[in-house]
Amino acid sequence: GQAEIAFNSDTNEYWVAYGVTLSGGDTANEDDRIMWSRFDSQTFEQVGEPVQLSQTRIGRNAVASAHIAYDSDSKAAVAVWLERGREGTTAGAWGRTLYPEGRLGDEFPVLTANTFPYSEGYAPSTLTYNPFTGTLFMSAGDWDGGAEAVELDYLGSIYNQDQVIAPDGNLGTFNVAQ
């Protein structure tokens, strides 16, 4: 479930990031994972095998909300997802770089309470590539009622984080450049 698609114009493939649950009915021991599959855009045949993006984590709704964007300059994509209870955070966004030959970069934090301590939790809602800046932008909601924007590159380096709408309705209350 929770799939999102990007088109790789260099390989003529659809790249899909999605969440799966492998545990059946035992929600306390749910095995949630974020996966990546590739499909030929002409034949819709699967290219290679599905690839697991997130670490295997047992627990109800440990990972969810997969998003993907293709960076045509770097010829790679980035997938981001929601992850709960990782490294002392309630919830945050994590990501990984995906390469055309099926290789993966290391996981990286995109927006967590450790990297942007204005809320105890964040949930990514979209990811898009900006060809004019050569960077990706992720929007997210926080658990305190605010909304964040994050600018990053395809390797996971964060250029800007901004709470664009604060819980009190103010705009652009915080701006942290790294």
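Draft legend 1. View of the nonpolar core. Core analysis: the biggest nonpolar cluster contains 17 residues, and Val110, Leu111, Leu127, Leu136, Met138, Val150 and Leu152 have the highest contact counts within it. Those elements that place two or more of their residues in this core are β7 (76-84), β9 (108-111), β10 (122-130), β11 (135-142) and β12 (147-152). Here Leu127 is in contact with Glu4, His67, Ile68, Ala69, Val78, Val80, Leu136, Phe137 and Met138, once residues within four sequence places are set aside. Among the nonpolar cores identified, the runner-up in size contains 15 residues, and Trp15, Ala17, Trp36 and Ala79 belong to it.

Draft legend 2. Geometry of the pattern of salt bridges. Across all of its chains, the model carries 3 salt bridges by this definition. A salt bridge links Lys75 to Asp10; its shortest N-O distance comes to 3.5 Å. Here Lys75 is found in the loop between β6 (63-71) and β7, whereas its partner Asp10 is found in the loop between β1 (4-8) and β2 (13-21), with 65 residues between them in sequence. Its salt-bridge partner being Glu13, residue Arg38 comes within 3.0 Å of it at the nearest N-O pair. Here the residue Arg38 occupies a position in strand β3 (residues 31-40), and Glu13 occupies one in strand β2, the gap between them amounting to 25 residues.

Draft legend 3. Examining the sheet that holds β7 more closely. Spatial strand order, β6-β7-β8-β9: 4 strands in an open sheet with antiparallel pairing. Edge strands, defined here as strands with exactly one partner in the open sheet, are β6 and β9. For this sheet, the mean inter-axis angle between neighbouring strands, taken without regard to orientation, is 30°. Bridge count between β7 and strand β8 (residues 91-98): 8 bridges; the pairing is antiparallel. Bridge pairing in β8 places Val80 opposite Gly95.

Draft legend 4. Representation of the pairing of β1 in the model. Looking at chain direction, β1 and β2 are connected through 5 bridges and run antiparallel. Bridging from a neighbouring strand, Ala6 pairs with Trp15 of β2. Count of turn residues in the β1/β2 antiparallel hairpin: 4 residues, of which Asn12 carries a positive phi of about 60°.

Draft legend 5. Spotlight on the environment of Glu107. Position of Glu107 relative to the elements: it lies in the loop between β8 and β9. For the pair Glu107 and Val80, spaced 27 residues apart in the sequence, the C-alpha separation amounts to 9.5 Å. Setting aside anything within four residues of it in sequence, one finds Glu107 in contact with Leu53, Ser54, Gln55, Trp81, Glu83, Arg86, Gly95 and Arg96. Of the polar contacts made by the side chain of Glu107, one reaches the backbone nitrogen of Gln55; its length is 3.0 Å.

About the cut-offs
Residues numbered from 1 in each chain as written. Predicted model: local features only at pLDDT ≥ 70, side-chain atom pairs only at ≥ 80, totals over all residues. Heavy atoms only, no water. Core = buried A, V, L, I, M, F, W, Y, C linked by side-chain atoms within 4.5 Å. Buried < 20%, exposed > 50% of the residue type's maximum accessible area, 1.4 Å probe, protein only. Helix = DSSP H or I, 4+ residues; strand = E, 2+ residues; numbered from the N terminus. Contact = heavy atoms within 4.5 Å. Salt bridge = Lys/Arg side-chain N within 4 Å of Asp/Glu carboxyl O. Pairing = 2+ DSSP bridges. Axes fitted to C-alpha atoms, helices over the stretch in contact; angles between N-to-C directions. Polar contact = N/O pair within 3.5 Å; in protein donor to acceptor, adjacent residues only side chain to side chain.

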